[in-house]
Amino acid sequence: MIKNLNDINDLSGEQVERLIALAEDILADRAKYQDSLKHRTLATLFFEPSTRTRLSFEAAMLEMGGNVIGFADPNSSSATKGESVADTVRTVACYSDIIVMRHPKEGAPIAASLRSPVPIINAGDGGHHHPTQTLADLFTIRREKGRLDGLTIGLCGDLKFGRTVHSLIQAMSRYDGVRFALVSPEELRAPDYILEGALRRPNVSYQETDSLESVVPELDALYMTRVQRERFFNEADYVRLKDSYILTLKTLERAKRDLTILHPLPRVNEIAVEVDDDPRARYFQQMFYGKVIRKALLAAMLGVSV
Ligand code: NCD
């Protein structure tokens, strides 16, 4: 049983496997699950903007027969009156069975879970973690590649503030023979806790570079990311770094034919629109898989036998 999901390490490798297997089954027979979450209510508390994460959770719940309440804009909640996250969560737990929460402060979902009688899912906390995006990423990679071990993965862009990258590195570093190519400008390198934690495992190797071109031919998967404007202390730095990498068809000329191109989205400029029609571009499929694996997660966390 999964109590709260704050960090991808809250799930064992075996639990991830079970979620992927359940997601496969949901994908194969959606109708079988249409009443699985009947009479259950999901609350989505989004203190930061979101399109895919919130709507995919809501669609997941509705497609399984459940109900949804929540807010997409904290300005419409009592947070603007000064209510603490802990009090908000205590309140919402009276009206729901599970809470999905996104917050600009690192650690807010963990703090909330200490006060919540119902399970809390972290849908992104500041520049920290984003475990359900990682489930979407793992499910996509598994479906595209047929495996999660023995892959060379490039992560490109804002590796410092990009929470999706932190969670994905933590998750992928648990598989055998994984090689990471970490591509970023010097100022946006992955934080030390990632470099000195997950990447130090004996089954993992990694290189850091600022050149996407130099690593592209080796990659099985390429995970592009947006420069996280909202985490910068000053706009001038963002403007200087925002277009550090733009993936184009030209860059892809030297890439493997079976490369899988991923992006958690939203995209700003880092993947040229011309790439969308290349069969290697799988980021739109990835966001669809996000809904499917979130269905599996909700069912598992609500303890329904499916
Ligand atoms: C990501 C996020 O919120 O961290 N988006 C998402 O959930 N798919 C990535 C981003 O905002 O760049």
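Residues numbered from 1 in each chain as written. Predicted model: local features only at pLDDT ≥ 70, side-chain atom pairs only at ≥ 80, totals over all residues. Heavy atoms only, no water.

Chemist: Help me understand the domain arrangement of the chain, please; the structure alone is not making it clear to me.
Modeler: Interface size is commonly expressed as the accessible area that is lost once the parts come together. Assigned domains within the chain: domain 1 (8–129 + 289–301) and domain 2 (131–287). Here the C-alpha centre of domain 2 lies 24 Å away from the C-alpha centre of domain 1. In this complex, domain 1 contributes 34 residues to the contact, which on the side of domain 2 involves 30 residues. Around 2700 Å² of area is buried between domain 1 and domain 2 when both sides are counted, 55% of it from carbon and sulfur atoms. Three residues stand out in domain 1 for area buried against domain 2, namely I8, R52 and Y289, and they jointly supply 32% of the buried area on that side. On the surface where domain 1 and domain 2 come into contact, there are 4 salt bridges. A salt bridge links E17 to R142; the shortest N-O distance between them is 2.8 Å. (Domains from an automatic or database assignment. Contact = heavy atoms within 4.5 Å. Buried area = accessible area lost by both parts, 1.4 Å probe. Salt bridge = Lys/Arg side-chain N within 4 Å of Asp/Glu carboxyl O.)

Chemist: Even after reading the chapter, I still don't get the packing of helix 3 (residues 85–93) against helix 4 (residues 108–115), so can you show me in this structure?
Modeler: Angle between the axes and distance between the axes: these two values describe a pair of packed helices. Look at helix 3 against helix 4: their axes get within 9 Å of each other, and the N-to-C directions meet at 55°. Here helix 3 lies oblique to helix 4, going by the angle between them. The handedness of the crossing between helix 3 and helix 4 is right-handed. Between helix 3 and helix 4, the contacting residues are V85, A86, V89 and R90 on the first element and A108, A112 and R115 on the second. In the contact of helix 3 with helix 4, the residues fall into 5 nonpolar, no polar and 2 charged. (Axes fitted to C-alpha atoms, helices over the stretch in contact; angles between N-to-C directions. Helix = DSSP H or I, 4+ residues; strand = E, 2+ residues; numbered from the N terminus. Parallel < 35°, antiparallel > 145°, perpendicular 65-115°, else oblique. Left-handed = near helix turned anticlockwise from the far one by under 90°. Nonpolar A, V, L, I, M, F, W, Y, C, P; charged D, E, K, R; others polar.)

Chemist: What's the story with the packing of aromatic side chains in this structure? I'm lost.
Modeler: Describing an aromatic ring pair means giving the distance of the ring centres and the angle of the ring planes. This model, assessed by the stated rule, comprises 6 aromatic pairs. Between the aromatic rings of F161 and F232, the centroid separation amounts to 5.4 Å while the plane-to-plane angle is 55°, which identifies the pairing as tilted. Pair noted here: F161 is in the loop between strand 5 (152–156) and helix 6 (163–172) and F232 is in the loop between strand 8 (221–224) and helix 9 (235–241), with a separation of 71 residues, a long-range link. Accessibility assignment for this pair places F161 and F232 in one class, buried. On the numbers, 5.1 Å between centres and 65° between planes, the contact of Y283 with F284 is edge-to-face. Y283 sits in the buried class, given a relative accessible area of 1%. (Phe/Tyr/Trp six-rings, centres within 6.5 Å; stacked < 30°, edge-to-face > 60°. Buried < 20%, exposed > 50% of the residue type's maximum accessible area, 1.4 Å probe, protein only.)

Chemist: I would appreciate a short explanation of the sheet that holds strand 4 (residues 120–125) in the present structure.
Modeler: Sheets are built from strands paired through backbone hydrogen bonds, the pairs being either parallel or antiparallel. Read from one edge of the open sheet, 4 strands run 2-1-3-4, paired in parallel fashion. Both edges of this open sheet fall to strand 2 (67–71) and strand 4, since each of them pairs with a single strand only. With strand direction ignored, the average angle separating the axes of adjacent strands in the sheet is 15°. As defined by bridge partners, strand 1 (residues 41–46) adjoins strand 3 (residues 98–103) across 5 bridges and the pair is classed as parallel. Each bridged residue has a counterpart across the sheet, and for F46 the counterpart in strand 3 is R102. Across the sheet, helix 2 (residues 52–63) is in contact with strand 1, strand 2, strand 3 and strand 4; its angle to strand 1 comes to roughly 175°. (Pairing = 2+ DSSP bridges.)

Chemist: What is the right way to read the site of the ligand from this model?
Modeler: Neighbouring the ligand are the residues T53, R102, H130, Q133, R163, T164, R226, Q228, P264, L265 and P266. A distance of 2.8 Å is found between an oxygen atom of the ligand and a side-chain nitrogen or oxygen belonging to H130. Taking L265, its main chain carries an N or O atom lying 3.0 Å from a nitrogen atom of the ligand. Contact with the protein chains removes 94% of the 310 Å² of surface that the ligand exposes when unbound. (Near = heavy atom within 4 Å. Polar contact = N/O pair within 3.5 Å; in protein donor to acceptor, adjacent residues only side chain to side chain. Areas by Shrake-Rupley, 256 points an atom, 1.4 Å probe, with all protein chains shown as cover.)

Chemist: Sorry, what's going on with the pairing of strand 5 here?
Modeler: On a regular strand, each side chain points to the face opposite its neighbour's, so the side chains alternate between the two faces of the sheet. Of all 5 residues in strand 5, 5 are buried; the element is thus mostly enclosed. What you see with strand 5 is no split at all: T152, G154 and C156 on one side and I153 and L155 on the other are buried throughout. Summarising the sheet, strand 5 and strand 6 (residues 178–183) pair through 5 bridges and their orientation is parallel. Its bridge partner being in strand 6, G154 is matched across the sheet by A181. Of the crossover connections in this fold, the one passing from strand 5 over helix 6 to the parallel strand 6 is right-handed. Of the strand pairs in this sheet, strand 5 and strand 8 are connected by 4 bridges, and their pairing is parallel. In the strand pairing of strand 8, G154 is matched with L222. (Right-handed = clockwise from strand over helix to strand, strands pointing away.)

Chemist: Any chance you could explain unusual backbone geometry here in plain terms?
Modeler: A cis amide bond, omega 10°, links L265 with the succeeding residue P266. Here P266 shows up in the loop between strand 9 (260–262) and helix 11 (283–301). Positive phi, close to 65°, is recorded for L265, a residue that is not glycine. With respect to the helices and strands, L265 occurs in the loop between strand 9 and helix 11. Given a relative accessible area of 13%, L265 falls into the buried group.

Chemist: Would you mind going over the environment of E270 with me for this structure?
Modeler: Assignment of secondary structure puts E270 in the loop between strand 9 and helix 11. Residue class for E270 comes out buried when judged on its relative accessible area of 3%. Distance from E270 to K105, taken between C-alpha atoms, is 26 Å for residues 165 residues apart in sequence. Contacts of E270, omitting those with residues within four sequence positions, involve M224, T225, R226, Y245, I246, L247 and H263.

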